[in-house]
Amino acid sequence: MPRIDKDLSEETCPDYRGEVYEDERLLLIGDAERPAMTEDEAVEKLEKMWQIKHQRRVTAWNAQVAAEEEVKRQDMQQTPHPHSDEERKDEQLTSENRQEEPQGYANAGRQRISTIPVNRPAQYAIDKLNAQIYIELDYFTLQGCTMAKNNSSLAGADTLDFVNIASMKAATDIWKDHELTWGEVNQAQHTMIKYMTRAEGNIWSKEIIKSLMSFYMQLDGHSIWQEEYGDEVLVIYQARARREWYDMGIHGEGMNLAIINDGLLINIQQKIVTKKAADSV
């Protein structure tokens, strides 16, 4: 998990009725002629989703603080102290000089290198997206992108005839969608959607991309997070839903991923609980 840079306990819930959140409300409301919910209900759902995600982030922040304090404590026990006043003065001067060092070429232009490295998936995965062929999410995780960077047989050419995609070499170490963690799913879906928006010929419509974004947004803030095995339930649900979405698309049938099937979530949860109980016997 990326390092959290500030205390999140003081965060306040955004005003989801504001104009800046209009797109998020519309994602939940859906078709204006056949809305999935009212605007008030969309606002309430967004607030509830924020509260769930906020609590997870605060818990992660507290765990990070505790871990860093433990590391500092261990370092203090292991690091020898200066043996003289001169050594202390040298250390202080070094620290002051470091603070006075120029900060590179920050003012030489308007742009700077991004804080987070850009993840580029294998060309094999990009071409499958461009051909609207199912591809595992793991190709878009940090691990999958790193694997592509280090493996020329996965990188492929910059362009590829869709007819020859099947002959491309698939990665042997790629995990199935249901085998990922929720953190990996969340990481991968952002990269995947970014490359869908860049697909040649705009083959992925804005409606499809919005539906996919809403799908992951709703799952990430779903109340089942607060229940037993919630993260496992969501991972399995998204794997099954996205696979079925692709399969229905092949046969020209429509499916709106943004409509979450709560009954299926509960069914998956019950199966996980039953299996865990059987395994513990």
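Read on for an overview of the structure. Every chain's residues receive numbers from 1 upward, in the order its sequence appears when written. Totals for whole chains, interfaces and linings use all residues, but because this is a predicted model, local features are given only for residues with pLDDT of at least 70 and pairs of side-chain atoms are given and counted only at 80 or more. Calculated side-chain values reflect all of the structure's heavy atoms, with hydrogen atoms and water omitted.

## Considering the overall build of the protein
- Each helix and strand in the protein was counted, giving 10 helices and zero strands.
- Per the convention used, a helix needs a DSSP run of H or I reaching at least four residues, while a strand needs a run of E reaching at least two, with both numbered from the N terminus. Taken from the N to the C terminus, the helices and strands of the protein come in the order α-α-α-α-α-α-α-α-α-α.
- Buried positions account for 34% of the 281 residues belonging to the protein.
- Throughout, a residue-residue contact means that at least one pair of heavy atoms, one from each residue, lies within 4.5 Å. Put simply, of all contacts in the protein between residues at least 6 apart along the chain, 71% involve residues at least 24 apart.
- As displayed, the protein has an accessible area near 19,100 Å², and 50% of this comes from carbon and sulfur atoms. Relative accessibility decides the category of a residue: with a 1.4 Å probe and only protein chains considered, values under 20% of the type maximum give buried, values over 50% give exposed, and everything between is partly exposed. Only the protein chains shown count as cover for residues, and all accessible areas are computed by the Shrake-Rupley method using a 1.4 Å probe.

## Digging into the packing of aromatic side chains
- Under the pairing criterion, centres of Phe, Tyr and Trp rings, with the six-membered ring standing for Trp, must be within 6.5 Å; the plane angle then separates stacked pairs below 30 degrees from edge-to-face pairs above 60, leaving the rest tilted. A complete count under the given rule lists nine aromatic pairs for this structure.
- Centroid distance Tyr 124 to Tyr 139: 5.5 Å. Interplanar angle 45°. Geometry classified as tilted. Note that Tyr 124 is positioned in helix H4 (residues 123–130) and Tyr 139 in the loop between H4 and helix H5 (142–150), a separation of 15 residues in sequence.
- Overall, Tyr 124 belongs to the buried group, its relative accessible area being 8%.
- An angle of 70° between the planes, with centres 4.8 Å apart, marks the rings of Phe 215 and Tyr 216 as edge-to-face.
- The class for Phe 215 is buried, based on a relative accessible area of 0%.
- Residue Tyr 216 is classed as buried on the basis of its relative accessible area, which comes to 1%.
- Taken together, the ring pairs connect Tyr 134, Trp 204, Trp 245 and Tyr 246 into an aromatic cluster.
- Geometrically, a charge over a ring is one whose NZ (Lys) or CZ (Arg) sits within 6 Å of the ring centre while staying within 35 degrees of the ring normal. Sitting above the plane of the Tyr 195 ring, Arg 198 keeps its charged end 5.3 Å from the centroid.
- The ring centre of Tyr 134 lies 3.8 Å from the NZ or CZ of Arg 243, which sits over that ring.

## Some remarks on the layout of surface pockets
- Size it by volume and the second largest pocket reaches roughly 280 Å³.
- The definitions used throughout rest on a 1 Å grid laid over the protein atoms alone, on which a cavity is an enclosed set of points accommodating a 1.4 Å probe that cannot get out and a pocket is an open set flanked by protein within 12 Å on both sides along at least five of seven lines; lining residues are those having an atom within 4 Å of a point. In this structure, the second largest pocket is lined by 15 residues; those nearest its centre are Trp 204, Ile 208, Trp 245, Gly 249 and Met 255.
- Going through the elements one at a time, helix H8 (206–220) and helix H9 (230–250) are the ones with two or more residues in the lining of the second largest pocket.
- For this scheme, ten residues count as nonpolar: Ala, Val, Leu, Ile, Met, Phe, Trp, Tyr, Cys and Pro. Four count as charged, namely Asp, Glu, Lys and Arg, and the remainder, Gly too, count as polar. In terms of residue class, the lining of the second largest pocket is made up of eight nonpolar, five polar and two charged. Grid points are joined across faces, edges and corners, and a volume is the space filled by probe spheres set on the points.

## A look at the nonpolar core
- Here, the term nonpolar core denotes a set of buried Ala, Val, Leu, Ile, Met, Phe, Trp, Tyr and Cys residues that are joined through side-chain atoms within 4.5 Å. Counting 44 residues, the largest nonpolar core has Leu 129, Leu 212, Phe 215, Tyr 216 and Tyr 237 as its most contacted members.
- For this core, the secondary-structure elements that each account for two or more residues are H4, H5, helix H7 (182–197), H8, H9 and helix H10 (262–280).
- Each residue touching Tyr 237, except ones within four places of it in the same chain, is listed here: Phe 215, Leu 219, Ile 259, Ile 260, Asn 261, Leu 264, Leu 265 and Ile 268.
- Of all hydrophobic cores here, the second largest spans eight residues; its members include Met 37, Ala 42, Val 43 and Leu 46.

## Looking at unusual backbone geometry
- Even without a glycine there, the phi angle at Gln 132 is positive, about 55°.
- Looking at the secondary structure, you find Gln 132 in the loop between H4 and H5.
- For Gln 132, a relative accessible area of 35% gives the class partly exposed.
- At Tyr 229, a position not held by glycine, the phi torsion is positive, near 60°.
- With respect to the secondary-structure elements, Tyr 229 resides in the loop between H8 and H9.
- Residue Tyr 229 is classed as partly exposed on the basis of its relative accessible area, which comes to 25%.

## Here's the deal with the side chain of Gln 189
- Relative to the elements of secondary structure, Gln 189 occurs in helix H7.
- Whenever a nitrogen or oxygen atom comes within 3.5 Å of another N or O atom, the pair is scored as a polar contact, on the condition that within protein one atom can donate a hydrogen and the other can accept it, and that pairs from neighbouring residues in sequence are kept only if both atoms are in side chains. Side chain to side chain, Gln 189 and Asn 186 meet in a polar contact 3.1 Å long.
- The residues touching Gln 189, leaving out its near neighbours within four places in the chain, are Leu 137 and Tyr 216.

## Things to note about a negative patch on the surface
- What makes a patch is a set of residues exposed beyond 30% relative accessible area and free of salt bridges, joined within 9 Å when like-charged and within 5 Å when nonpolar (Val, Leu, Ile, Met, Phe, Trp, Tyr). Salt bridge, as applied in this entry: a Lys or Arg side-chain nitrogen positioned within 4 Å of an Asp or Glu carboxyl oxygen. His is not counted here, nor are the chain ends, while Lys and Arg score as positive and Asp and Glu score as negative. Working definition for charges: the position is that of NZ of Lys, CZ of Arg, CG of Asp or CD of Glu. Residues Asp 15, Glu 41, Glu 44 and Glu 47 make up a contiguous surface patch of negative charge.
- Tracing the sequence through the fold places Glu 41 in helix H2 (residues 39–78).

## Some thoughts on H10
- Multiplying 1.5 Å by the helix residue count minus one yields the expected span of that helix. In this model H10 runs 27 Å from its N-terminal to its C-terminal C-alpha over 19 residues, within 8% of the 27 Å that 1.5 Å per residue would give.
- Two or three places before Gly 263, at the start of H10, stands the capping residue Asn 261, its side-chain oxygen 3.1 Å from that residue's backbone nitrogen.

## A look at H5
- Within the span of H5, buried status applies to Gly 144, Cys 145, Met 147 and Ala 148. On an axial view of H5, the arc spanned by its buried residues comes to 155°, and they lie on one face. With respect to the buried face of H5, the exposed residues turned more than 90 degrees away are Lys 149 and Asn 150. For this quantity, the arc is that covered by the directions from the helix axis to the C-beta atoms.

Function-wise, these values are silent; they only describe arrangement.
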